[in-house]
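# Report on the structure
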Amino acid sequence: MMAQSVARQFTVTFPHATDTAYLHVFLPDASVATGRAIVDCPGGGYGHLSMQNEGTDWADFFCSRGITLAVLQYRMPHGDRQIPVSDAEDAIRLLRDSAAIWHLNPRDVGIMGFSAGGHLASVVSTHAEWAVRPDFTILFYPVITMGKKGQHEGSCRNFLGAQRDDEQVIRQYSSHQNVRRHLTPPALILLANDDTGVPPVSNGIAYYEAMRNSGNDCSLYVYPRGGHGFGYRTSFPYHEAMLSDLSSWLSLRTPPRTDAIRVACIGNSITDGSGIDMADAAGYPAQLQRILGSGYEVRNFGVGARTLLNKGDRPYMKELAWRDALAFQPHVVVIKLGTNDSKTDNWKHKEDFESDYQSMIDQLNALPSHPRIILAHPIKAFKDQWTITDSVLTTEVSPAIDRVAKKNGLEVLDLYPVIDDASLMISDGIHPNAKGAGKMAEAVARVIQTERPAAAKRTKKKK
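First, a word on what this report is: a plain description of the structure on this page. (Residues numbered from 1 in each chain as written. Predicted model: local features only at pLDDT ≥ 70, side-chain atom pairs only at ≥ 80, totals over all residues. Heavy atoms only, no water.)

Taken residue by residue, helix α11 (residues 284-292) has Tyr284, Pro285, Ala286, Gln287, Leu288 and Leu292 as its buried positions. Those residues of α11 hidden inside the fold are in contact with β9 (261-267), α9 (269-272), α10 (279-282), β10 (296-302), β11 (332-336) and α16 (434-448). Remark: glycine 293 follows α11 within two positions and exhibits a positive phi of approximately 85°. (Buried < 20%, exposed > 50% of the residue type's maximum accessible area, 1.4 Å probe, protein only. Helix = DSSP H or I, 4+ residues; strand = E, 2+ residues; numbered from the N terminus. Contact = heavy atoms within 4.5 Å.)

Another aspect to go through is the nonpolar core. Ranked by internal contacts, the top residues of the largest apolar core, which has 82 residues, are Trp58, Phe62, Ile138, Phe140 and Leu250. The contacts of leucine 250, once residues within four sequence positions are left out, are Arg36, Ile38, Phe61, Phe62, Ile67, Phe136 and Ile138. In this structure, Val303, Leu308, Leu326 and Met360 belong to the second largest nonpolar core, which totals 39 residues. (Core = buried A, V, L, I, M, F, W, Y, C linked by side-chain atoms within 4.5 Å.)

Pairing within the open sheet is mixed, and its eight strands lie in the order β1-β2-β4-β3-β5-β6-β7-β8. At either end of the open sheet lies a strand with only one pairing partner, and these are β1 (6-15) and β8 (218-223). With direction set aside, neighbouring strand axes in the sheet form an average angle of 15°. By the bridge criterion, four bridges tie strand β3 (residues 37-41) to strand β4 (residues 68-73) in an arrangement that is parallel. For valine 39, the partnering residue across the bridge sits in β4 and is alanine 70. Helix-sheet contacts for helix α7 (residues 204-213) involve β6 (137-140), β7 (187-192) and β8, and the interaxial angle to β7 is about 150°. Strand contacts of helix α8 (residues 239-251): β3, β6, β7 and β8, with the helix running at about 165° to β6, the strand carrying the most contacts. (Pairing = 2+ DSSP bridges. Axes fitted to C-alpha atoms, helices over the stretch in contact; angles between N-to-C directions.)

Considered as a void within the structure, the largest pocket measures approximately 1,300 Å³ in volume. Considering the residues around the largest pocket, the lining is formed by 40 residues, among which Pro186, Arg253, Glu297, Val298 and Arg299 are closest to the centre. Of all the secondary-structure elements, those providing two or more residues to the lining of the largest pocket are α2 (82-97), α10, α11 and β10. By residue number, the principal contributor to the lining of the largest pocket is β10, which donates five residues. Each residue belonging to the lining of the largest pocket can be placed in one class, and the counts come to 18 nonpolar, eight polar and 14 charged. Roughly 200 Å³ of volume is contained in the second largest pocket. Around the second largest pocket, the lining comprises 14 residues; the ones closest to its centre are Arg180, Arg181, Leu183, Gly302 and Val303. (1 Å grid on protein atoms, 1.4 Å probe; cavity = no way out; pocket = protein on both sides within 12 Å on 5 of 7 lines; lining within 4 Å. Points joined across faces, edges and corners; volume = space filled by probe spheres on them. Nonpolar A, V, L, I, M, F, W, Y, C, P; charged D, E, K, R; others polar.)

With that settled, consider helix α4 (residues 116-127). For α4, which comprises twelve residues, the first-to-last C-alpha distance of 16 Å matches the rise-based estimate of 16 Å (1.5 Å per residue) to within 8%. Of all the twelve residues making up α4, eleven are buried; the element is thus mostly covered by neighbouring parts of the structure. Here α4 has its buried residues at Ala116, Gly117, Gly118, His119, Leu120, Ala121, Ser122, Val123, Val124, Ser125 and Thr126. Taken together, the buried residues of α4 touch β3, α2, β5 (109-114), β6, α5 (153-160) and α7. (Expected span 1.5 Å × (residues − 1).)

This next bit is on the environment of alanine 400. Topologically, alanine 400 is positioned in helix α15 (residues 390-408). The spatial distance from the C-alpha of alanine 400 to the C-alpha of glutamate 351 is 9.9 Å, given a sequence separation of 49 residues. The contacts of alanine 400, once residues within four sequence positions are left out, are Phe353 and Glu354.

Right, let's get into the pairing of strand β12 (residues 372-376). Here β12 lies mainly inside the structure; five of its five residues are buried. Side chains Arg372, Ile374 and Ala376 project from β12 onto one buried face, and the interleaved Ile373 and Leu375 project onto a second face that is buried too. Two strands pair when backbone bridges link them, and β11 and β12 are joined in this way by four bridges, in the parallel orientation. Note on β12: the bridge partner recorded for valine 334 is isoleucine 374. Bridge analysis of β12 against strand β13 (residues 411-413) gives three bridges, and the strand direction is parallel. Looking across to β13, one finds that leucine 375 is bridged to valine 412. Handedness of the crossover is the feature at issue here: the chain leaves β12, passes through α15, returns alongside β13, and the resulting connection is right-handed. (Right-handed = clockwise from strand over helix to strand, strands pointing away.)

The next point concerns the pairing of β7. Of all six residues in β7, six are buried; the element is thus mostly enclosed. Pairing between β6 and β7: four bridges, direction parallel. For isoleucine 138, the partnering residue across the bridge sits in β7 and is leucine 188. In terms of strand pairing, β7 meets β8 through six bridges, oriented parallel. Within the sheet, the bridge partner assigned to alanine 192 lies in β8 and is tyrosine 223. Considered for its hand, the β-α-β crossover made up of β7, α7 and β8 is right-handed.

It is at 10 Å that the axes of α2 and α4 come closest, and there the two elements cross at 70°. Taken together, the axes of α2 and α4 are roughly perpendicular relative to one another. Of the two possible hands of crossing, α2 and α4 adopt the one that is right-handed. Contact residues: Pro84, Val85, Ala88, Glu89 and Ile92 in α2; Leu120, Val123 and Val124 in α4. (Parallel < 35°, antiparallel > 145°, perpendicular 65-115°, else oblique. Left-handed = near helix turned anticlockwise from the far one by under 90°.)

Pasting the structure below:
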């Protein structure tokens with residue numbers, strides 16, 4: 001019998017050569033629909049699925065809040081981990097592809113998992129490419145580690161199969177070891193302190209610790225008792241409190257506006273926010289978001305220690321963050337690279353700097369979003385550190401950026417005079433503190449909020 005708040009229920013099949021996956025979709029009434037959707041991955045140790053308690057029983061809860069629930073009856077891995085992973089990715093892809101038909105916001109599709117299903121949800125959250133990575137993650141008493149200490153043996157055996165003793169594979173699929181700063185979606189973790197089936201400290205709490213240490217948005221609720229597998233059971237002593245906590249967390253999540261101007265902040269550790277605690281809240285891209293407001297969606301694609309040079313020690317264009325930045329389809333791109341390129345072992349390849357920069361610009365110009373590209377000079381190096389020297393930045397790197405900008409008719413943002421005092425830096429003299437990041441954000445915002453110069457428009461049109 002269909003729950004009262006469910007306006008429509010149907011099942012989509014994903015047939016495969018030897019088995020079939022099913023997605024049981026529950027749509028809310030159009031009058032309350034928010035556009036949000038959640039793929040639900042029930043648990044069962046990768047050997048079976050708790051389809052009711054950790055699946056369909058949740059339909060009324062979510063639909064009554066205007067959220068579409070899609071319960072995934074994924075295939076068992078039998079040692080082939082790509083089987084359930086591909087099913088979860090297919091489910092997310094389907095929801096996004098069907099957004100117009102089912103009245104969904106393709107930028108507000110989350111994933112929820114219970115126990116082994118929580119492991120599946122965390123693997124997709126930490127490993128998937130942009131197109132099928134969820135926008136948020138909800139984990140109930142999740143299996144996280146594949147390591148010998150604190151593991152859920154059945155889940156590990158069924159998921160890893162013959163490679164369950166391979167240390168490289170164990171690390172790859174222990175999700176707390178694969179959290180990526182800025183890129184792993186916000187998460188909510190709910191579990192009971194007395195869970196003896198999946199030890200909380202080495203699993204759910206380990207994921208929280210990794211998210212917190214990365215500065216990512218993450219919330220953790222640990223209930224005093226309730227054991228493992230409580231799901232939607234009303235016998236769980238904290239059932240109502242848990243539903244209230246979950247509801248509050250969901251209601252406080254504001255998805256980006258579908259018409260927002262997308263801004264990609266590309267760069268090294270200075271963009272990333274190295275040295276700033278909770279950089280996703282206090283780094284320059286986060287402060288830029290607050291300045292620009294809800295009409296913009298600002299994303300931090302900074303990665304520490306990276307170079308623009310492809311022959312540098314850590315090339316930015318080989319990073320997942322670069323692939324994400326392209327997939328983001330930005331309308332505005334701010335590139336702030338060059339500081340690490342100035343290091344002695346990197347700058348010996350300086351003859352490639354302008355051509356490598358051109359390669360980055362060409363890839364951005366080829367995007368369907370046709371972004372406005374702003375090139376930023378490196379900020380001042382107040383100390384010589386790691387062979388980064390201010391003289392190389394000012395006399396060689398910045399002039400090279402100017403030449404690339406002139407060739408392409410692009411705007412240049414000179415950040416050098418913006419950070420004009422050592423009090424705006426952390427102790428290493430290379431990275432700005434939160435106050436310095438705020439100064440950078442103000443400078444970037446002024447450029448973005450100013451109409452693109454006509455000369456830049458004309459030059460781009462000729463190209």
